[in-house]
Amino acid sequence: MILKNIYNSFFAEYKTPFGAVRVGETVTFRLCFPTYLKIAEPSLAVFKPGSKCEYINFEFEANESPNDVLDVFEPNLPVPIAATVTKEKKDIAKENPKNNANTGSAFAIYKCEYSPDTSGIYEYCFSVLKDGTKTEIKRKGASIGAYDGTELFQLTVFAADYNTPDWLKGGVMYQIFPDRFAKYIPSGDEDYSPTACPSDRIVHITWNDTPKWYPDPD
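Rules used in this analysis
- Residues numbered from 1 in each chain as written.
- Predicted model: local features only at pLDDT ≥ 70, side-chain atom pairs only at ≥ 80, totals over all residues.
- Heavy atoms only, no water.
- Phe/Tyr/Trp six-rings, centres within 6.5 Å; stacked < 30°, edge-to-face > 60°.
- Lys NZ or Arg CZ within 6 Å of the ring centre and 35° of its normal.
- Core = buried A, V, L, I, M, F, W, Y, C linked by side-chain atoms within 4.5 Å.
- Buried < 20%, exposed > 50% of the residue type's maximum accessible area, 1.4 Å probe, protein only.
- Helix = DSSP H or I, 4+ residues; strand = E, 2+ residues; numbered from the N terminus.
- Contact = heavy atoms within 4.5 Å.
- Pairing = 2+ DSSP bridges.
- Polar contact = N/O pair within 3.5 Å; in protein donor to acceptor, adjacent residues only side chain to side chain.

Trainee: Summarise the packing of aromatic side chains; cite the residues concerned and give the values.
Mentor: Applying the stated criterion to the full structure yields 16 aromatic pairs. Each residue in the set Y7, Y14, F29, F58, Y124, F126 and F153 is aromatic and connected to the rest through ring pairs, giving one cluster. Sitting above the plane of the Y147 ring, K130 keeps its charged end 3.9 Å from the centroid.

Right, here's the structure in full:
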């Protein structure tokens, strides 16, 4: 198993299963920390639809020594943040549960499990004590967990008894957003004028305007 970054929701080394899950299905999360950061009390913070935040503690799973660290570097970071975890090392860690995130190791790997009990869109992030200060790890970009992340991760949970219709299996679905097919250009040309559009249309003058996606009164 190869671990890069603290967390990456796109890879099974950090989160399984990939993507959406059924109600009641167990989701496994892993975090990987360089031991020099002196991390303590890592936890998963889950925001369930219509409920308060729920915290689930991580448990220490394995240590990695400098000899096990792959020669993989991330830009602007002082140390490699990739490690391998072998079955043998996991067994050693289980036999020595107190040997966590301490001297002689480059990385500490933590694991927790969570089973959603209702369907909906869940959001989550992680909380740790970093050098004695409570710090959150949130999404940065599409899938990376980082201290300077600003967005929550999402977890889609669907009904336990839901099955994909046979006619849809193996198919491809397209989402088309026609409000981005043309851009209003204030050139004086009537073809681009907002008044030239049908009354039930909305002209987006700014390219990054949020489209009107919500239902109308009817």
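Trainee: Give me the nonpolar core: which residues, what numbers.
Mentor: With 27 residues, the main nonpolar core has Y7, F29, F33, L44, F58, Y124 and F126 as its most contacted residues. Contributions of two or more residues to this core are made by β5 (27-34), β6 (39-47), β10 (107-114), β11 (120-130) and β14 (153-158). Setting aside its immediate chain neighbours within four residues, Y7 contacts Y14, K15, F29, R30, L31, Y124, F126, S143, I144, G145 and F153.

Trainee: How would you summarise the sheet that holds β10 if you had to cite specific residues and measurements?
Mentor: Pairing within the open sheet is antiparallel, and its 4 strands lie in the order β3-β5-β10-β8. The open sheet is flanked by β3 (15-16) and β8 (59-64), the only strands paired with a single partner. In the sheet, β3 pairs with β5 via 2 bridges, with the strands oriented antiparallel. When the bridges of β5 are listed, K15 appears paired with F29.

Trainee: Lay out unusual backbone geometry with the relevant residues and their values.
Mentor: Note the cis peptide between T16 and P17, where omega equals -5 degrees. Within the element layout of this structure, P17 appears in the loop between β3 and β4 (21-22). Look at K38: it is not a glycine, yet its phi comes out positive at around 55 degrees. Mapped onto the elements, K38 comes out in the loop between β5 and β6. The exposed category is assigned to K38, whose relative accessible area is 62%.

Trainee: Please provide a residue-by-residue account of the side chain of R30, values included.
Mentor: Secondary-structure assignment places R30 in strand β5. For R30, the side chain forms a polar contact with the side chain of E61, separated by 2.8 Å.

Trainee: So, the pairing of strand β12 (residues 133-140): which residues are in play, and what are the values?
Mentor: Bridge count between β11 and β12: 5 bridges; the pairing is antiparallel. Across the sheet, the residue bridging to F126 is I137, located in β12. Between the antiparallel neighbours β11 and β12 lie 2 residues, among them D131 with a positive phi of about 55 degrees. In this antiparallel pair of consecutive strands, β12 and strand β13 (residues 144-146), the connection spans 3 residues, and G141 shows a positive phi of 75 degrees.

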